[in-house]
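Breakdown of the fold
Here's the letter readout for the chains.
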Amino acid sequence: TATNKIPFIFTPSWTVRNYYPSTGTVTGGDNLIVLGDGFAATSSWLCWFGEISSVALALNDEQLSCTSPPSQIVGEVPFAISTVGGEGVPVGIFKYFDMMSVHGAFPSSGTVIGGTTVNITLSSPSLDLTSFECLFGSAVSPVIGVYDNTITCVAPPANVGKVRLTLRHAKASLEAFASAVVYEYELSPSIISFSPSSAVSGSPTLVQISGSNFIGSALSCRFGEEVIPARRISASLIECWVSPHIIGETGVAVSNNGVDFTSAISSFTTMADISLDHIEPSLGSSEGNTLVTLFGTNFPIDVDLFCSFGSIMVKATSKSPTLAKCHSPQYLIEGGEVELKLCYHRSLCPGSSINFTYSAPLTIIKVSPSEGPIEGDVWVTVNGFGFEKNSVCSFGSIHSESKFISSSSLMCLLPPLSA
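Calculation notes
Residues numbered from 1 in each chain as written. Predicted model: local features only at pLDDT ≥ 70, side-chain atom pairs only at ≥ 80, totals over all residues. Heavy atoms only, no water. Helix = DSSP H or I, 4+ residues; strand = E, 2+ residues; numbered from the N terminus. Rg over C-alpha atoms; globule rule 2.2 N^0.38 Å. Buried < 20%, exposed > 50% of the residue type's maximum accessible area, 1.4 Å probe, protein only. Areas by Shrake-Rupley, 256 points an atom, 1.4 Å probe, with all protein chains shown as cover. Lys, Arg positive; Asp, Glu negative; His and termini not counted. Charge placed at Lys NZ, Arg CZ, Asp CG, Glu CD. Salt bridge = Lys/Arg side-chain N within 4 Å of Asp/Glu carboxyl O. Disulfide = S-S within 2.5 Å. Contact = heavy atoms within 4.5 Å. Core = buried A, V, L, I, M, F, W, Y, C linked by side-chain atoms within 4.5 Å. Patch = residues over 30% accessible without salt bridge, like charges linked within 9 Å, V, L, I, M, F, W, Y side chains within 5 Å.

1. Section: the overall build of the chain
Along the chain, the regular secondary structure elements total zero helices and 40 strands. Expected size for 419 residues packed as a compact globule is a radius of gyration near 22 Å; at 44 Å, the chain overshoots this value by more than 25%. When the backbone C-alpha atoms are referred to their principal axes, the chain occupies close to 175 × 35 × 30 Å. Here the chain holds 419 residues, and 41% of them are scored as buried. Roughly 22000 Å² of accessible area belongs to the chain as shown, and the carbon and sulfur atoms make up 55% of that amount. Here the chain holds 18 positive side-chain charges and 33 negative ones, and the gap between their average locations is 4 Å.

Printed below as a string of structure tokens:
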């Protein structure tokens, strides 16, 4: 038996189950948590990032904490754990990225009720970002999507105002990326009314929308599925140019950020373009009340229709997509031409027009001779004005053969009295 004695130290075994995060920036300083067992048995631990070590602190028997050192390498390095003076035990890979920051966000604003899907752009691509979370000020939102250098989060509810938008690791609870990006919470917009409430397919129409809280930097209107930039007149009035193509009714909605739209209200009606082919008759007395028949295509049925004689509107009827009727209004000038159109309501007059001619009222000044035999068969000269080629003489209730001489003269054949 040897007389001298040398101390021998028994150390308990230890294991590593997991660690996070597995990525960091080349500037170092990222806090890592290592999960396992047996860490409290000794107070001297090291984390190895490739060939570079970093002192690790045993938080308890199941957790170590260490900080990534700066690296000259962009990419993957072996990650290992050891006791001080012991051999490193490989446990995985740590990936270094160039220094990243939050570059931008779309949309950069949303309503105070939250729920806005926000795409956040980073300065360079990264992996394993699903273990991170977004910070809207101090409010936390998990990452729900990662693509290249863009991540997606949903804005939580908040009060009106601006907050800084950044990222941090969900478990380490330390901010990961620098950010100067601001996200603004705004009140939800609302619609009270809009005008006009209809347009013709393919015809650009300026629609004014009144409501409240029109305050966003990306104001938009939506007619059905078509999103259109809006022009802000005030916090209660915006304008949108719409060129609808789908015939029928669509809902109208607005958005302050171009993403979150109000619930669609009322209905905006898109109507087919009316085509007017011809009219019968194409002329009538300036005294009005001439029944005019219009022929064409796309005439609406069960809609308020009007005929536009120049600037004068009169009620029209249509029982067919190809035929409509209306009575000409009185024309204050003795004669002339006006444009005749078929209109939706009183303000929407699409399509082509056809000229309607007003003639001066028929006036008889002189009849020669002014008497004749009961047998008739005598030509009578009628002088006056407003005569037309289709003017017909009547003796009592009897129409007679007539010859148009000029607008001031007709020849009429006197019929028998017994005719």
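2. Some details on the pattern of salt bridges
A side chain with one charge may pair with a side chain of the opposite charge, provided their charged atoms come close. Summed over the entire model, instances satisfying the criterion amount to four salt bridges. Where aspartate 37 meets arginine 17, a salt bridge forms, and the shortest distance between an N and an O atom there is 2.9 Å. Within this pair, whereas aspartate 37 is found in strand 3 (residues 31-37), its partner arginine 17 is found in strand 1 (residues 15-20), the two being separated by 20 residues in sequence. Given a relative accessible area of 29%, aspartate 37 falls into the partly exposed group.

3. Brief notes about the state of the cysteines
Per the stated rule, a full pass over the model turns up six disulfides. Each sulfur of the disulfide joining cysteine 307 and cysteine 326 lies 2.2 Å from the other. Negative torsions about the S-S bond denote left-handed disulfides, and the value of about -95° found for cysteine 307 with cysteine 326 makes this one left-handed. Here cysteine 326 lies in strand 32 (residues 323-327) and cysteine 307 lies in strand 30 (residues 305-309), a separation of 19 residues in the sequence. Judged by relative accessible area, cysteine 326 falls into the buried class, the value being 2%. Between the sulfur atoms of cysteine 343 and its disulfide mate cysteine 349 the distance is 2.0 Å. In this structure the cystine formed by cysteine 343 and cysteine 349 twists about its S-S bond by roughly 105°; its chirality is therefore right-handed.

4. A word on the environment of cysteine 307
According to the relative accessible area criterion, cysteine 307 is buried, its value standing at 0%. Sequence separation between cysteine 307 and arginine 17 is 290 residues, and the spatial gap between their C-alpha atoms is 84 Å. Those residues within four positions of cysteine 307 in sequence are excluded, and the remaining contacts are Leu294, Ile312, Met313, Val314, Ala316, Cys326, Leu340, Lys341 and Leu342.

5. Quick notes on the environment of alanine 360
Along the chain, alanine 360 falls in the loop between strand 34 (354-359) and strand 35 (363-368). Of the residues examined, alanine 360 reaches a relative accessible area of 17% and is grouped as buried. As for alanine 360 and serine 406, which are separated by 46 residues in sequence, their C-alpha atoms are 13 Å apart.

6. Concerning the nonpolar core
Of all hydrophobic cores here, the largest spans 24 residues; its most connected members are Leu294, Cys307, Phe309, Leu340, Leu342 and Phe356. At the level of elements, strand 27 (275-280), strand 29 (291-297), strand 30, strand 31 (312-320), strand 32, strand 33 (336-344) and strand 34 are the ones that each hand at least two residues to this core. Apart from residues lying up to four places away in sequence, phenylalanine 356 is in contact with Ile279, Pro281, Ser282, Leu283, Gly284, Val292, Phe309, Ser328, Gly336, Glu337, Val338 and Leu340. The next biggest cluster of nonpolar side chains, apart from the first, holds 19 residues, and it includes Val112, Val143, Val163 and Tyr183.

7. What about a nonpolar patch on the surface?
A grouping of Val160, Leu187 and Ile215 is seen on the molecular surface, where their side chains present a nonpolar patch of about 260 Å² in accessible area. Relative to the elements of secondary structure, leucine 187 occurs in the loop between strand 17 (182-186) and strand 18 (190-195).

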